[in-house]
Amino acid sequence: MSPPGLYVHIPFCRSKCPYCAFYSIASRSLIPQWLDALRQEIRHYEGRFNRFDSLYLGGGTPTILASPELARMVEDIFAQFDFAPDSEITIEANPCDLTDEKINMLGDLGFNRISLGVQSFDDRILSFLGRRHTGREAENALRKLRSSGFQNIGVDLMYAFAGQSMSDWIDTLKQAIGFQPEHLSCYQLSIEKKTLFGRLAEKGLIQSLSEAEESSYFLTTSEFLKDHGYVHYEISNFARQKKYFSRHNQKYWHHVSYLGLGPSAHSFDGSRRWWNVRSIKKYCDDLQGGKTPVEGHENLSDEQLRVESIALGLRTIQGFDLDKSSHNPQANATILRLQESGLVQLKNNRVIPTKRGFLVADRLAVECA
């Protein structure tokens, strides 16, 4: 059994990006109340999970927290939960938050992996995406992190949207790999309904690329990064070596247990999934009133777990065990057809998606299950 992972959702930002559908508010006013509530939720789960080997602070913008606030939160986490000595300790960071003092503090607190929300080095594109930092600030942040001794740096980038040419995107990739990050997450812009971009799209003021254009961007990205030494190990994720695969995120893709703390966070214990309320105020009120902030849960049957394992496996280069398809009487014929179409490969009894298979992973999951 792999050790579980711990996720903490920090639901605060300085401003809300127009494409972001994750739960957060553009205010710091509730941080003190939220920190008190988080401490209560941490105590609620004490002793209920085995030793963790990953901690991931996501958001929102975790680095919006002032140094004393972040230090207090980390102290509360390590005081109540047990972590393996070689744990992967990740924090998502905004480039304009990373002062020399903040970077040094992150190292002192035990963070050994930084996921930097760069998105682009082009100020024109950053303005379109509603980012607060400039390209130069992103470059400076990467230099500072490296010179401060961080040896596991991830860079988040966004691509495939109107106004960005393929040459723009290749230039962004070239700039990113010039800093030799250990990890790259490359996300195609997804226009979600309950976002500013979603509302603009409804009015016809912003448009997505065509499916053919998105496919071209995806395959070009995969080939470019492969040529520069990166392993495309999950649909949106690339790493220089296997040891830099995101340990924490792999828990989601491989059905390993994880605990999520904070508003809107999800948890999974191997057969049961539950999630917290999507409201800071209700989250705080529930915990201050002695209640758990859990909004809902589901108990997964063996069949649901089997189907999920196929769908999640098809997002990664590990794929899924062929035996998982044994419930489907057409499985062998289906997989042979997908092989002939160049969408999957069969290796050591595992069904592995090709890069073109990644493009249609959701469809493959339906066919293989």
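Above this text is the structure in question.
In this report, the structure presented in the accompanying data block is examined. This structure is a prediction, so every number in the text was calculated from the model and none was measured.

What follows deals with the layout of surface pockets. Once rolled over the atoms, a probe with the size of a water molecule shows which space is left empty. Here the second largest pocket is characterised by a volume of approximately 230 Å³. Taken together, twelve residues line the second largest pocket, and the ones lying closest to its centre are Pro4, Phe49, Asn50, Ser257 and Asp269. Among the residues making up the lining of the second largest pocket, the classes are represented as six nonpolar, three polar and three charged.

Every α-helix winds through 3.6 residues per turn, so residues three or four apart in the chain are directed the same way. For helix 1 (residues 31-44), with 14 residues, the first-to-last C-alpha span of 20 Å sits near the 20 Å given by 1.5 Å per residue. Those residues of helix 1 that fall on the buried side of the exposure criterion are Ile31, Trp34, Leu35, Ala37, Leu38, Glu41 and Ile42. Across the axial projection of helix 1, the buried residues extend over an arc of 170°, all falling on one side. On the buried face of helix 1, the contacting elements are strand 1 (5-10), helix 2 (67-80), strand 9 (258-261), strand 11 (272-276) and helix 10 (280-288).

In this section: the packing of aromatic side chains. Here the distance between the centres and the angle between the planes together describe a pair of aromatic rings. Taken as a whole, this structure holds 16 aromatic pairs when the rule is applied. An aromatic cluster is defined as three or more aromatic residues linked by ring pairs; in this entry it consists of Phe49, Phe52, Phe78, Phe81, Phe83 and Trp274.

Glancing now at the packing of helix 1 against helix 2. For the pair helix 1 and helix 2, the least separation of the axes is 10 Å and the interaxial angle reads 5°. Judged by the angle between their axes, helix 1 and helix 2 are roughly parallel. Taken together, the residues of helix 2 that come into contact with helix 1 (itself represented by Ile31, Trp34, Leu35, Asp36, Leu38, Arg39, Ile42 and Arg43) are Glu69, Arg72, Met73, Asp76, Ile77 and Gln80.

Quick look at the sheet that holds strand 14 (residues 344-347) now. Strand order in the open sheet formed by three strands is 13-15-14, with antiparallel pairing between adjacent strands. Each of the sheet's edge strands pairs with one partner strand only, and the pair in question is strand 13 (320-321) and strand 14. When strand 14 meets strand 15 (residues 350-353), the two strands line up antiparallel, connected through four bridges. Paired with Leu346 across the strands is Val351, a residue of strand 15.

Cut-offs applied
Residues numbered from 1 in each chain as written. Predicted model: local features only at pLDDT ≥ 70, side-chain atom pairs only at ≥ 80, totals over all residues. Heavy atoms only, no water. 1 Å grid on protein atoms, 1.4 Å probe; cavity = no way out; pocket = protein on both sides within 12 Å on 5 of 7 lines; lining within 4 Å. Points joined across faces, edges and corners; volume = space filled by probe spheres on them. Nonpolar A, V, L, I, M, F, W, Y, C, P; charged D, E, K, R; others polar. Helix = DSSP H or I, 4+ residues; strand = E, 2+ residues; numbered from the N terminus. Expected span 1.5 Å × (residues − 1). Buried < 20%, exposed > 50% of the residue type's maximum accessible area, 1.4 Å probe, protein only. Arc of directions from axis to C-beta. Contact = heavy atoms within 4.5 Å. Phe/Tyr/Trp six-rings, centres within 6.5 Å; stacked < 30°, edge-to-face > 60°. Axes fitted to C-alpha atoms, helices over the stretch in contact; angles between N-to-C directions. Parallel < 35°, antiparallel > 145°, perpendicular 65-115°, else oblique. Pairing = 2+ DSSP bridges.

Without other data, these values stay purely geometric and don't point to any function.
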